[in-house]
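# Structural overview
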Amino acid sequence: MIRKAAIHFVVLLLLMKVSQVAAQETDYNNYQPLKCEGKAPEDFTKPSYKKFYSEAADIKKAKNLSKREKKLQKEFSLITNFKIDDMLMSGKVLYGNKVCDYINDVADRLLESRPDLQGKMRFYLLNVSYANAISTNNGIIFVTTGLMARLQNEAQLAFVLSHEISHYTLHHSFETFKNTQDVLVSKRYDNLGTEDKVLRILKYSKNNESEADIEGLRLFSKAGYDQREAVKMMDILLYSYLPFDDIVFPKTFFDDEYYEVPKVFFRDTASSITANEDEDDEESSHPNTGFRKLKLEKFIKGDTSGIIYRFSELRFHDIVKTCRYELGYLLVTRGQYTKAFYNAYLLSVLYGESSYTVELMSACLYGITKNKLSAEYDDFSELFNDLKKKEFEGQIAVVSDFFDFLKNDEFNVLAAKWIYKNAIRYPSKYHQKLVLDIFTDLFYAHEYDGGTFNIDFVSRDNTNLNADDFDADDVEDDEDSGTKKKSKKKKKKNSKKQYTGKSDYYKNAFVEEFKDDAFSSFFEAVQKKAAKIKSDEENMGLEELRSEPARRYRQWILDEIDIQKRKGKRLGIDSIILLAPSYKAFYLNKEQTESKTDDLSDELKSIEITEMLKDIAGKTHLTYNLIDVNSRSTLNDSQLNRFAMVNNWMTEKFNHVDKNDILFSQRYMDDMVATDGFRYAAATGLTYTSTKHIADGPTIFASLVTVFPIPFLVGHIFDSKKELNFYYLVYDLQTGEEKLLSFTRLRRKPKTKVLKMQLAYVFYQTKAKGKRKK
């Protein structure tokens, strides 16, 4: 017994050592986004049409299926193979890294009691911020980064996987499809209205969820896990719309000795959490959490035996920590700045401040500043007020409301101060760029000058200030009389200290910074730069375009396209990353109320265009690195990672309101460019629309009296039945500049000759050297 215990102890030490080494592999101070690692699985390298042909052949051979069943299964296979592959080829699905390995290790333990499933099922990480897990009919299970970031222990992950595995073994995907088709098409449901049909379909779905819970619990229990964690997992899902923790955000977070944000700008208490486990689930595809918990508890029957971890607890916590750091990167690149900021704050509190968490906060403050400066931001944000009320509950609501409450200029000051202060503490090329740009906005958009801010020492009481104190010092302009009225100054006994009022508290923002001559010089230099930008725009007859970046960006695109159409553009680029072209065809009915697509035909066409692209790029002697997500034969981890990086970079770029904004993901893009040697990337896409008729007289007349039909009538008025849209974009991955914007609309079918001409033209502009004619 002693010898056996000693062996167990040694094994435990080795496991702990391995976990510690694994934890040390990730440098969280300089966090690098998760990537694919190792050989690409066949799920990634086999085209959708080949997967469908293989499944269709098996369905045809099946002797136990009726003719109707075979037809339904073939239709289901066609839909699901292409939809699943859309996800696999999105750049968001990862394999082979330490998070994926951990998910697969837990899955392997669960499948020990189901050896028939081992090898059939595959488990991947879906790198998105929301919390979910998805089961597919072909044995693929996706677990999201957002879900991994919210887990409390390994057993909870095991139950999620058990639940999704059960969906697969019970064939729920196909059953749901079959029931949906039955309800929508079968004559026995003709007496049901549309709403009743939808509720019937949702009822089938809820039954499947309950069945997967119970069957999953059996698999979960056989693996030896503590059944109580299955019930706790329901609460993780219930609150999954919230951040992974709820820690108080201090109202003094942005303050220093001289600059103090008025505490009345913050809500007194965090907003209440409204999640309700007994909410009405009639219009939901899942039964409510309370029902699921009760049903699970009946099957547990008081059995509290079982383990929480089959693997090292240290390994689990390192995996969760990695996903929480990844979550910040995902949120900021998708323009969800308030969520990303609070996520970074949580990381700092739980794991310690680092250059990564600080730069993440800087990126968020910078992004919000840019949004606030956009003339369209207020109208845009109003659309999402109801959604924000639900998603921003608890302590994150304090942050959200504070950010929303601050006026544009106040927020710009706060962001500039924070970024400058932390650029000194954590110097980097990224911080340096942010400082210059955000101070330029400060002077340009708000017309501040050197006299705006207090330079001399201004101290204040350390006591908490209240609303009355702030109102006492306000100085307001009386617009009616043109005179100024001064409120009485509140004097404090035994103290010569004073503070500025609520309306101009921000004037103390840079008191500390002005003590440094370097800051004073920088301040003056940026002020002059902003003045020059405004002067140059005025000379060109422009009006404050920098303060309306969205409008400026659109105008720049239109102007650039016009120039390129008239004069061409010779970039002189010798090497480039080419993203395989996308192709999508839409077939409209004569009323243009319905659109049909053909995924199989579209993929085959995409592969054909990819081969054209390779041939023409070669003939123009353009050195290219093709990321072929169409035929996929050359896909490997490097190609997939490159594709994911470019996609994330472009996503962040499009989520910013100005083409010149500084991107958080740029640091990772710079590393990729340095490693690969490819500075430029090109994206190509084609859409083809075919309609069945020409607009008649009444339809054209309708376009003259109302604006709504116009988008659908543009082609019809000119007797156009078929339309091919072709775009080709070239980006400088180091500067973010769009080097070439080519948009072409042709009233033709996508024939080979037409496509080759378009590709040859844009490749010539990419490769050719020399100045274009003026």
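Please refer to the structure placed before this passage.
I will try to describe carefully the structure that is included in this document.

Parameters at a glance
Residues numbered from 1 in each chain as written. Predicted model: local features only at pLDDT ≥ 70, side-chain atom pairs only at ≥ 80, totals over all residues. Heavy atoms only, no water. Helix = DSSP H or I, 4+ residues; strand = E, 2+ residues; numbered from the N terminus. Buried < 20%, exposed > 50% of the residue type's maximum accessible area, 1.4 Å probe, protein only. Contact = heavy atoms within 4.5 Å. Polar contact = N/O pair within 3.5 Å; in protein donor to acceptor, adjacent residues only side chain to side chain. Axes fitted to C-alpha atoms, helices over the stretch in contact; angles between N-to-C directions. Parallel < 35°, antiparallel > 145°, perpendicular 65-115°, else oblique. Left-handed = near helix turned anticlockwise from the far one by under 90°. Nonpolar A, V, L, I, M, F, W, Y, C, P; charged D, E, K, R; others polar. Core = buried A, V, L, I, M, F, W, Y, C linked by side-chain atoms within 4.5 Å. Phe/Tyr/Trp six-rings, centres within 6.5 Å; stacked < 30°, edge-to-face > 60°. Lys NZ or Arg CZ within 6 Å of the ring centre and 35° of its normal.

## Quick notes on the overall build of the chain
Counting its regular elements, the chain contains 28 helices and twelve strands. Considering the chain as a whole, with its 774 residues, one finds that 51% of them fall into the buried category. In the chain, the share of contacts with a sequence separation of at least 24, taken over all contacts with a separation of at least 6, comes to 78%.

## A closer look at the side chain of D732
Following the sequence through the fold, D732 ends up in strand β11 (residues 722-732). Among the polar contacts listed, one links the side chain of D732 to the side chain of R679, at a separation of 2.9 Å. A distance of 3.3 Å separates a polar atom in the side chain of D732 from the backbone nitrogen of T735. Setting aside residues up to four positions removed in sequence, D732 forms contacts with W649, R679, Y680, E737 and K739.

## Quick notes on unusual backbone geometry
Glycine aside, residues mostly have negative phi, and peptide bonds are mostly found in the trans state. Positive phi outside glycine occurs at H171, with the angle close to 60°. Along the chain, H171 turns up in the loop between α7 (154-169) and α8 (172-185).

## Remarks on the packing of helix α13 (residues 337-351) against helix α14 (residues 355-373)
A pair of packed helices is captured by two measures, namely the crossing angle of their axes and the spacing between those axes. Here α13 crosses α14 at 160°, and the two axes come no closer than 9 Å. The angle between α13 and α14 places the two elements in the roughly antiparallel class. Of the two possible hands of crossing, α13 and α14 adopt the one that is left-handed. Between α13 and α14, the residues in contact are Y337, T338, A340, F341, A344, Y345, L347 and S348 and Y356, T357, L360, M361, A363, C364, L365, G367, I368 and N371, respectively. Residues that form the contact of α13 with α14 fall into these classes: 13 nonpolar, five polar and no charged.

## Some words on the nonpolar core
Counting residues in hydrophobic clusters, the biggest one holds 185 residues, and the most contacted among them are M148, L161, F254, F439 and F510. Sorting elements by how many residues they give to this core places helix α12 (residues 313-333) first, with ten residues. Residues in contact with L161, not counting those within four places in the same chain, are I103, V106, A107, L110, F123, I141 and V143. Counting six residues, the second-largest nonpolar core is a separate cluster that includes F52, F82, L600 and I607.

## Quick word on the environment of F392
Along the chain, F392 turns up in the loop between α16 (385-391) and α17 (395-405). For F392, a relative accessible area of 11% gives the class buried. Distance in space between the C-alpha atoms of F392 and L242 is 7.2 Å, their sequence separation being 150 residues.

## Comments concerning the packing of aromatic side chains
On inspection of all chains with the given rule, the structure shows 64 aromatic pairs. Between Y31 and Y325 the ring centres are 5.8 Å apart and the planes differ by 40°, which places this aromatic pair in the tilted class. Taken together, the positions of Y31 in the loop between α1 (2-25) and α2 (42-45) and Y325 in helix α12 put the pair 294 residues apart, joining distant regions of the chain. Between F519 and F522, the aromatic rings sit 6.3 Å apart at their centres with planes inclined by 45°, giving tilted as the arrangement. Taken together, the positions of F519 and F522, both in helix α21 (residues 517-539) and three residues apart, correspond to about one turn of that helix. For F519, a relative accessible area of 0% gives the class buried. Cation over ring: R667 sits above Y430, and NZ or CZ is 4.7 Å from the ring centre. The side chain of R667 reaches across the aromatic face of F664, ending 4.2 Å from its centre.

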